[in-house]
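# Survey of secondary and tertiary structure
Each chain, letter by letter, is given below.
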Amino acid sequence: MIESLSLPEFPAGHVWLCGAGPGDPGLLTLHALHALRHADVIVHDALIGSDILGLADSNATLIYAGKRGGQSASQGGISAQLVTLAKADKRVLRLKGGDPFMFGRGFEEAEALAKCGIPFRVISGISAGIGGLAAAGIPVTHRDVNTAVSFVTGHDADTDWAAISAATPVIVIYMGLKRIAQIAAALIAAGRSMEEPVAVVTNASLPSQKILESTLGAVETDLAKTPMSPPAIICVGGTVPLPRSLLRGE
Ligand code: SAH
């Protein structure tokens, strides 16, 4: 079926910087699937599961370039490797979780490739903050709730939570599980209610997906009772309880 589409050719010596979505292989784009089938080398992150890598051509070389737990694969090292592989005339697929330009350092890799004159293509993927939450039934916007949404990294100690809190009713936090207690406290200090709904979704879109529904005031204790491990996407705001209305048939 995909063969009937005129998808772009993946030439030797080119790098495709491609998002793989939040995990469910069904959420890959057709470009990503096409690239998986045609790549000679796939340089992938920790979040790319075996179901997705299993779609690669059986002769393709898989290279793990994950940065989990701080054991990197430095960013410079990954970019240099992409350049070397492309210069060796390989079709290089750089496969990243979610979207390569959403907290994915995709642009840094694109810049490194451009600097070395390596031709490349960027292919968007479904970001965890949209597709992962949708897999849990949570919309990031709803006409009755919000006209704007913030996507924030929870990783950065310098984030101005008061400004974000004032800017948007719904806040989607990537990489926030470790610092959830500080983040919730900062949002409450900025004037958000202790009762404000929070959802923590781990392994979103995968069979192992787990959802914890809580509030800003209770999320730390709830997570202590029910520990969850990354990757976790966190949503704060009035869209979090909406999936329950589906169950009630409202
Ligand atoms: N580029 C990615 C984000 C990379 S940062 C994207 O667009 O989705 C890594 C963070 O993404 C994780 O710490 C987590 O917050 C989130 N994430 C990625 N995949 C996820 C998944 N399946 N379930 C929950 N969170 C996920």
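Residues numbered from 1 in each chain as written. Predicted model: local features only at pLDDT ≥ 70, side-chain atom pairs only at ≥ 80, totals over all residues. Heavy atoms only, no water.

### Some remarks on the nonpolar core
In terms of nonpolar packing, the biggest core is built from 20 residues, with Trp-161, Ile-171, Val-200 and Val-236 touching the most fellow members. At four residues, helix α7 (residues 180–189) tops the list of elements feeding residues into this core. Setting aside anything within four residues of it in sequence, one finds Ile-171 in contact with Ser-150, Val-152, Trp-161, Ile-164, Ser-165, Leu-187, Arg-192, Ile-234, Cys-235 and Val-236. Core analysis: the next-biggest nonpolar cluster, separate from the first, contains 18 residues, Trp-16, Cys-18, Ala-32 and Ile-123 among them. (Core = buried A, V, L, I, M, F, W, Y, C linked by side-chain atoms within 4.5 Å. Buried < 20%, exposed > 50% of the residue type's maximum accessible area, 1.4 Å probe, protein only. Helix = DSSP H or I, 4+ residues; strand = E, 2+ residues; numbered from the N terminus. Contact = heavy atoms within 4.5 Å.)

### Regarding the site of the ligand
Taken together, 17 residues lie around the ligand, and Pro-22, Met-102, Ser-127, Met-175 and Ala-232 are the ones closest in. Ala-204 is positioned with one of its backbone polar atoms (N or O) 2.8 Å from a nitrogen atom of the ligand. The separation between a nitrogen atom of the ligand and a polar main-chain atom of Ile-233 is 3.4 Å. Looking at the shell around the ligand, its residues break down into twelve nonpolar, four polar and one charged. (Near = heavy atom within 4 Å. Polar contact = N/O pair within 3.5 Å; in protein donor to acceptor, adjacent residues only side chain to side chain. Nonpolar A, V, L, I, M, F, W, Y, C, P; charged D, E, K, R; others polar.)

### Digging into the pairing of strand β6 (residues 149–153)
The pairing of β6 with strand β7 (residues 170–174) spans five bridges and is classified as parallel. Following the sheet pairing, Val-152 is matched in β7 by Ile-173. Handedness of the crossover joining β6 and β7 through helix α6 (residues 161–167): right-handed. (Pairing = 2+ DSSP bridges. Right-handed = clockwise from strand over helix to strand, strands pointing away.)

### Considering the packing of aromatic side chains
Per the stated rule, a full pass over the model turns up four aromatic pairs. Aromatic side chains Phe-103 and Tyr-174 sit 5.1 Å apart centroid to centroid with 70° between the ring planes, which places their arrangement in the edge-to-face category. Highlighted residues: Phe-103 in the loop between β4 (92–96) and α4 (106–115) and Tyr-174 in strand β7, separated in sequence by 71 residues. (Phe/Tyr/Trp six-rings, centres within 6.5 Å; stacked < 30°, edge-to-face > 60°.)

### Concerning the sheet that holds strand β10 (residues 232–236)
Pairing is mixed in the open sheet, where five strands are placed in the order β6-β7-β10-β8-β9. Across the chains shown, the open sheet's two edge strands, defined by having one partner strand only, are β6 and β9 (210–215). Sheet twist, expressed as the average angle between the axes of neighbouring strands with direction ignored, equals 20°. Running over the sheet, helix α5 (residues 128–135) touches β6, β7, β8 (197–202) and β10 and is turned about 105° from β7. (Axes fitted to C-alpha atoms, helices over the stretch in contact; angles between N-to-C directions.)

### Topic: the pattern of salt bridges
Counted by the stated rule, this structure contains seven salt bridges. Close ionic contact of Arg-94 with Glu-109 constitutes a salt bridge, the shortest N to O distance being 2.8 Å. Separated by 15 residues along the polypeptide, Arg-94 in strand β4 and Glu-109 in helix α4 bring together distant segments of the chain. Both residues of the pair, Arg-94 and Glu-109, count as buried. Here Arg-192 makes a salt bridge to Glu-196, at a shortest N to O gap of 3.1 Å. Accessibility assignment for this pair places Arg-192 and Glu-196 in one class, buried. Here the salt bridges do not stand alone but share partners, grouping Asp-45, Arg-94, Lys-96 and Glu-109 into one network. (Salt bridge = Lys/Arg side-chain N within 4 Å of Asp/Glu carboxyl O.)

### Quick word on the environment of Leu-47
Mapping Leu-47 onto the fold places it in the loop between β2 (41–44) and α2 (50–53). On a C-alpha basis, the gap between Leu-47 and Leu-95 in space is 9.7 Å, while along the polypeptide they are 48 residues apart.

### Quick notes on the domain arrangement of the protein chain
You can read the domains of the protein chain as domain 1 (2–126) and domain 2 (129–248). The C-alpha centroid of domain 2 is placed 29 Å from the C-alpha centroid of domain 1. At the junction of the two partners, domain 1 supplies nine residues and domain 2 supplies twelve residues. Between domain 1 and domain 2, roughly 760 Å² of surface is buried when both sides are summed, and carbon and sulfur atoms account for 74% of that area. Here domain 1 is connected to domain 2 by zero salt bridges. Our count for the contact surface shared by domain 1 and domain 2 stands at one residue pair in polar contact (both at pLDDT 80 or more). (Domains from an automatic or database assignment. Buried area = accessible area lost by both parts, 1.4 Å probe.)

### So, the environment of Ala-224
Among the structural elements, Ala-224 can be located in helix α8 (residues 219–225). A sequence separation of 176 residues divides Ala-224 from Ile-48, and the C-alpha atoms of the two residues are 28 Å apart.

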